[in-house]
Amino acid sequence: MKILAQLLIVLLLTGCGSSVLGEIEFFGYKGFNQDAIRAAFPFREGDKFPPPGMKSSDQLKQIINDRVKQTIGQEPTDVSFVCCDSQQRFMVYIGLPGESNRPVVFNPVPTGDIRFPATIVKLREEFDNAWTEAVLKGKSTEDDSQGYTLTDYPAARNKELAIREYAMSNEELILQVLTSSSDARHRQIAAHALGYGRQSNEQIDALVKASFDIDKEVRNDAIRALEVLAGAKPDLAQRIPVKPFIQLLRSGAWSDHNKAVLLLGSLTRPRDPGVLQELRAEALDTLVEMATWRSSGHAYEARVLLGRIAGIEEKRLNELVEAGNIDAILAALKPAQ
């Protein structure tokens, strides 16, 4: 969850912890030299992270922005600090305005003054705190089998059940806030809560629309809700349109890549030839970029999608992905390129 990464980077940057920098990865970089950009940074993979003297994540992002611009003449589209890789090290994902990046048209900013009551805002804050605690204790496993997330950690699960109860009784308000509130934080709360609501065409339509909210945190929660729903309910997954989420794979935001590829992993299980052909035509270079990230967790679904595009049988594909054999997957793509 994005909130966790933000909280952890704040902890580190305020001196409450220390770590080592793992991978520096890029996306949207087609046409740019990644090595030249890495060389311009005042830190390297394996260095203490954050670097000494850094007082805020914004300060560190500004340094990255400046060094990228000095190197390629343009600023990055996104800088995201992500926790953590398999060795509990921070990662940095940097979006570049290369040939594999395409601007996405997002919804205009709503202008309505509708808001949630303070009790619901507080409930979401309590859930965020409990979920962060669960992750820090290594107890963040979850049950998604009902089409919404229930974390195994009791404190977080209790808050999720409370959100579920509220969502089932306040569907109209949640939909109104999601579609018309000018406050991005309230729209984010609505997107999250709607994932716990009544499963219906109206729910899916609202979450798909919110997946193109101008605020990337709203998009993150909306796509995450759809991904959980699609993974648990194949009949409902058929109602989710694929094409919009292929577009999000070309977005300049890391969270769009991260969530869209997870959702597309569920939506491509039937291996519809038309969908796979569209992925090849519209997002092949982006998927290759993501599949070659060194974090297997973040690269996993991109590797699955490439294997399905290449026509690799699912059992064999799973073996290749689990073994990290990306070369075999990429080789299977070449004849049809």
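Given the structure is predicted, the values throughout are model-derived calculations rather than measurements.

In this section: the overall build of the protein. Along its length, the protein carries 16 helices and 6 strands. Its C-alpha radius of gyration of 20 Å places the protein within 12% of the 20 Å reference for a compact globule of 337 residues. Its C-alpha atoms give the protein principal-axis dimensions of about 55 × 50 × 40 Å. For the protein, the residues scored as buried account for 52% of the 337 residues in total. In the protein, once contacts between residues fewer than 6 apart in sequence are set aside, the share between residues at least 24 apart is 67%. When the accessible area of the protein is evaluated, it comes to approximately 14,900 Å², of which 50% is carbon and sulfur surface. Treating the 40 positive side-chain charges of the protein as one cloud and the 45 negative ones as another, the clouds have centres 2 Å apart.

A few words now on unusual backbone geometry. Positive phi outside glycine occurs at Arg271, with the angle close to 60 degrees. Residue position: Arg271 is located in the loop between helix H12 (254-267) and helix H13 (273-291).

Another point: helix H5 (residues 154-169). In an α-helix there are 3.6 residues to a turn, and that puts residues three or four apart on one side. Taking 1.5 Å per residue, 16 residues should reach 22 Å; H5 reaches 23 Å between its end C-alpha atoms and fits that length. Among the residues of H5, those classed as buried are Ala156, Glu160, Ile163, Tyr166 and Ala167. Buried residues along H5 cover an arc of 120 degrees about the axis, so they all sit on one side. Away from its buried face by more than 90 degrees, H5 exposes Pro154, Glu165 and Ser169. As for H5, its buried residues are in contact with helix H4 (118-136), strand S6 (150-151), helix H6 (171-180) and helix H7 (184-194).

Let us look at the packing of H7 against helix H9 (residues 216-232). Look at H7 against H9: their axes get within 8 Å of each other, and the N-to-C directions meet at 5 degrees. As judged from the angle between their axes, H7 and H9 are roughly parallel. Two secondary-structure elements touch here, H7 through Ala184, Arg187, Gln188, Ala191 and His192 and H9 through Glu217, Val218, Asp221, Ala222 and Ala225. Counted by class, the contact of H7 with H9 contains 5 nonpolar, 2 polar and 3 charged residues.

This paragraph deals with the sheet that holds strand S3 (residues 78-82). One open sheet accounts for 4 strands, arranged S2-S1-S4-S3; its pairing is mixed. Each having just a single partner strand, strand S2 (48-49) and S3 make up the two edges of the open sheet. Pairing between S3 and strand S4 (residues 90-95): 5 bridges, direction antiparallel. Paired with Val79 across the bridge in S4 is Ile94.

Attention shifts here to the pairing of strand S1 (residues 19-27). Taking burial as the measure, the 9 residues of S1 include 8 buried ones, the bulk of the element. Two strands pair when backbone bridges link them, and S1 and S2 are joined in this way by 2 bridges, in the antiparallel orientation. When the sheet's bridge partners are listed, Val20 is paired in S2 with Lys48. Bridge count between S1 and S4: 5 bridges; the pairing is parallel. When the sheet's bridge partners are listed, Leu21 is paired in S4 with Phe90.

Counted under the stated rule, the structure contains 7 aromatic pairs. With 5.1 Å between their ring centres and 35 degrees between their planes, Tyr93 and Trp254 make a pair best called tilted. Here Trp254 lies in helix H12 and Tyr93 lies in strand S4, a separation of 161 residues in the sequence. Its relative accessible area of 0% is what places Tyr93 among the buried residues. For Trp254, a relative accessible area of 6% corresponds to the buried category. With 6.4 Å between their ring centres and 40 degrees between their planes, Phe106 and Phe212 make a pair best called tilted.

Another point: the side chain of Ser181. With respect to the element layout, Ser181 can be found in the loop between H6 and H7. Separated by 3.2 Å, the side chains of Ser181 and Arg115 make a polar contact. Among residues more than four places away in sequence, those in contact with Ser181 are Pro110, Gly112, Ile114, Arg115, Gln176, His186 and Arg187.

It is worth spelling out H12 at this point. Between its terminal C-alpha atoms H12 stretches 20 Å, which fits the 20 Å expected from 14 residues at 1.5 Å a residue. Here H12 lies mainly inside the structure; 13 of its 14 residues are buried.

For the rest of this paragraph, the subject is the pattern of salt bridges. All chains considered together, the criterion is met by 28 salt bridges. In this structure, Glu23 engages Arg89 in a salt bridge whose closest nitrogen and oxygen atoms are separated by 3.9 Å. Here Arg89 lies in the loop between S3 and S4 and Glu23 lies in strand S1, a separation of 66 residues in the sequence. By relative accessible area, Arg89 is classed as partly exposed at 21%. A salt bridge links Glu202 to Arg198, with the nearest nitrogen and oxygen atoms 4.0 Å apart. Residue Glu202 is classed as partly exposed on the basis of its relative accessible area, which comes to 43%. If you follow the salt bridges from partner to partner, you end up with Glu25, Asp35, Arg38, Glu45 and Arg294 in one network.

About the criteria used
- Residues numbered from 1 in each chain as written.
- Predicted model: local features only at pLDDT ≥ 70, side-chain atom pairs only at ≥ 80, totals over all residues.
- Heavy atoms only, no water.
- Helix = DSSP H or I, 4+ residues; strand = E, 2+ residues; numbered from the N terminus.
- Rg over C-alpha atoms; globule rule 2.2 N^0.38 Å.
- Buried < 20%, exposed > 50% of the residue type's maximum accessible area, 1.4 Å probe, protein only.
- Contact = heavy atoms within 4.5 Å.
- Areas by Shrake-Rupley, 256 points an atom, 1.4 Å probe, with all protein chains shown as cover.
- Lys, Arg positive; Asp, Glu negative; His and termini not counted.
- Charge placed at Lys NZ, Arg CZ, Asp CG, Glu CD.
- Expected span 1.5 Å × (residues − 1).
- Arc of directions from axis to C-beta.
- Axes fitted to C-alpha atoms, helices over the stretch in contact; angles between N-to-C directions.
- Parallel < 35°, antiparallel > 145°, perpendicular 65-115°, else oblique.
- Nonpolar A, V, L, I, M, F, W, Y, C, P; charged D, E, K, R; others polar.
- Pairing = 2+ DSSP bridges.
- Phe/Tyr/Trp six-rings, centres within 6.5 Å; stacked < 30°, edge-to-face > 60°.
- Polar contact = N/O pair within 3.5 Å; in protein donor to acceptor, adjacent residues only side chain to side chain.
- Salt bridge = Lys/Arg side-chain N within 4 Å of Asp/Glu carboxyl O.

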